[in-house]
Amino acid sequence: MLVLAVFFAVLGAASNAAGTAFQRKAASEVASGGGWRLLRQLARKPVWLLGIAGVVGAALFQALALVNGPLALVQPVFVLELPFALLIGVPLLHRRLPREGWWAVAAVVVGLVAVLGAAAPAGARTDAPMTRWIPVLVGCLGSMALAVVASRVNRSPLFRAAALGSAAAVGNALTAALLKSATGTLADDGFTAFLASWQTYGFAVTGVAAVLLLENALQAGPLAASQPALTIGDAAVSLLLGVVVFEESVRGGWWVVPELAGVALIAWGVRELTRAVPHLRDLTG
């Protein structure tokens with residue numbers, strides 16, 4: 001089951017990478033606007049619709065992964081989205097990734113293996129009482145709202161991109177937690193119960209909000225500001241939600257040392273990859 005969870009999570013990361021690449025291209029072509037106005041402009045662009053198709057495919061793979069494994073295992077795998085985005089996008093654009101970029105890809109992969117191997121996330125629950133959901137919803141939605149407000153107060157492109165990227169990360173993690181609960185209901189009690197579950201509508205709403213926040217983050221500032229916040233934040237918040245909501249377990253004690261080393265490798269790799277994007281070389285050059 002855990003092997004299937006990782007397999008589907010990797011497919012989800014690849015699909016999301018393709019979707020994000022198309023979304024970023026569409027967002028970069030919109031000169032102004034924000035919020036729902038931005039979304040309406042993007043919806044008229046075929047390339048953005050292709051991006052959404054990639055995101056929908058990622059959601060399906062994510063649901064399959066969450067049915068087969070714990071949230072604390074599945075969501076961190078999505079840090080592979082950035083390396084996949086480059087590995088998919090670079091050949092299509094007839095570009096070449098600098099040598100430093102390949103070292104960064106290796107760092108992300110090795111760091112992820114180190115974190116998951118050391119933490120060994122475990123857990124099989126898909127349901128949780130409202131006494132756990134209420135503080136989680138308040139905390140996640142509240143932090144997302146604060147990040148949006150902060151992005152409007154501080155007009156620095158770097159700060160706005162980081163703040164909105166962080167908000168999108170929390171939204172993605174919350175969406176995954178709600179999706180796990182809803183798909184668990186579907187697997188255990190059938191489609192009627194799935195439609196009657198509040199988590200089903202919850203993940204739909206938070207998913208749309210996360211997409212909207214991502215579009216605004218991509219438009220607000222450089223990828224080097226939004227992507228680390230999005231990548232690391234999603235994995236960290238998801239791991240926390242897995243433990244708090246579904247009572248999943250991760251190893252502590254001396255295992256924290258390789259876990260932190262893995263996190264440091266991932267953070268370095270993501271930072272270097274975002275820096276490598278502006279320096280992609282033409283294959284003909």
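Cut-offs used in this document
- Residues numbered from 1 in each chain as written.
- Predicted model: local features only at pLDDT ≥ 70, side-chain atom pairs only at ≥ 80, totals over all residues.
- Heavy atoms only, no water.
- Patch = residues over 30% accessible without salt bridge, like charges linked within 9 Å, V, L, I, M, F, W, Y side chains within 5 Å.
- Areas by Shrake-Rupley, 256 points an atom, 1.4 Å probe, with all protein chains shown as cover.
- Salt bridge = Lys/Arg side-chain N within 4 Å of Asp/Glu carboxyl O.
- Helix = DSSP H or I, 4+ residues; strand = E, 2+ residues; numbered from the N terminus.
- Core = buried A, V, L, I, M, F, W, Y, C linked by side-chain atoms within 4.5 Å.
- Buried < 20%, exposed > 50% of the residue type's maximum accessible area, 1.4 Å probe, protein only.
- Contact = heavy atoms within 4.5 Å.
- Axes fitted to C-alpha atoms, helices over the stretch in contact; angles between N-to-C directions.
- Parallel < 35°, antiparallel > 145°, perpendicular 65-115°, else oblique.
- Left-handed = near helix turned anticlockwise from the far one by under 90°.
- Nonpolar A, V, L, I, M, F, W, Y, C, P; charged D, E, K, R; others polar.
- Phe/Tyr/Trp six-rings, centres within 6.5 Å; stacked < 30°, edge-to-face > 60°.

Chemist: Mind showing me how you'd approach a nonpolar patch on the surface here?
Modeler: Nonpolar side chains collect at one region of the surface, where Met130, Ile134, Val138 and Trp198 lie side by side and expose about 380 Å² of accessible area between them. Ranked by the residues each element gives to the nonpolar patch, the list is headed by helix α7 (residues 130–153), at three residues. Note that methionine 130 resides in helix α7.

Chemist: Can you help me understand unusual backbone geometry in this one?
Modeler: For residues besides glycine, phi is generally negative; the peptide bonds are generally trans as well. One non-glycine residue, alanine 120, adopts positive backbone phi at about 45°. Along the polypeptide, alanine 120 turns up in the loop between α6 (99–119) and α7. Although it is not a glycine, glutamate 247 sits at a positive phi angle of roughly 55°. Within the secondary structure, glutamate 247 is located in the loop between α11 (223–246) and α12 (256–276).

Chemist: Looking at this structure, I do not really get the nonpolar core. What am I missing?
Modeler: For soluble globular proteins, nonpolar side chains are generally found buried alongside one another. Counting 57 residues, the largest nonpolar core has Leu71, Val74, Trp133, Leu241, Val245 and Leu273 as the members making the most contacts within it. Per-element accounting of this core gives the leading share, twelve residues, to helix α8 (residues 157–189). Ignoring any residue separated from it by four or fewer positions in sequence, one finds leucine 71 in contact with Leu66, Pro76, Ala176, Ala177, Lys180, Ser238, Leu241, Gly242, Phe246 and Glu248. Counting residues in hydrophobic clusters, the runner-up holds six residues, among them Ala26, Leu39, Trp48 and Leu212.

Chemist: What's the story with the packing of α7 against helix α10 (residues 198–220) in this structure? I'm lost.
Modeler: The relative placement of two packed helices is expressed as an angle between their axes plus a distance between the axes. Viewed as axis vectors pointing N to C, α7 and α10 meet at an angle of 15°, and their least axial separation amounts to 13 Å. Of the possible angle classes, the one that applies to α7 and α10 is roughly parallel. Here the hand of the crossing between α7 and α10 comes out left-handed. Of the residues in α10, those touching α7 at Met130, Trp133, Leu137, Met144 and Val148 are Trp198, Gln199, Ala209 and Leu213. Split by residue class, the contact of α7 with α10 holds eight nonpolar, one polar and no charged.

Chemist: Hey, could you run me through the packing of aromatic side chains in this one?
Modeler: Ring pairs (aromatic) are described by centroid distance and by the angle formed between their planes. Summed over all chains, the structure comprises five aromatic pairs. Ring geometry for tryptophan 133 versus tryptophan 198: centroids 5.4 Å apart, planes at 85°, classification edge-to-face. Highlighted residues: tryptophan 133 in helix α7 and tryptophan 198 in helix α10, separated in sequence by 65 residues. The buried category is assigned to tryptophan 133, whose relative accessible area is 0%. Each ring, one from tryptophan 133 and one from phenylalanine 246, has its centre 6.1 Å from the other, and the planes form 85°; the classification is edge-to-face. Highlighted residues: tryptophan 133 in helix α7 and phenylalanine 246 in helix α11, separated in sequence by 113 residues.

Chemist: Any chance you could explain the pattern of salt bridges here in plain terms?
Modeler: Pairing between side chains becomes possible if they bear opposite charge and their charged atoms approach one another. For the structure on display, the rule yields four salt bridges. Of the charged contacts in the structure, one is a salt bridge between aspartate 127 and arginine 125, with a shortest N-O distance of 3.6 Å. Overall, aspartate 127 belongs to the partly exposed group, its relative accessible area being 46%. Look at arginine 125 and you get partly exposed, because its relative accessible area is 29%. The residue glutamate 247 makes a salt bridge to arginine 132 at a minimum N-O spacing of 2.6 Å. Placement of the pair is glutamate 247 in the loop between α11 and α12 and arginine 132 in helix α7, with a sequence separation of 115 residues. In the salt-bridge network here, residues are joined through shared partners; they are Arg125, Asp127, Arg132 and Glu247.

Read these as spatial facts, not as claims about activity.
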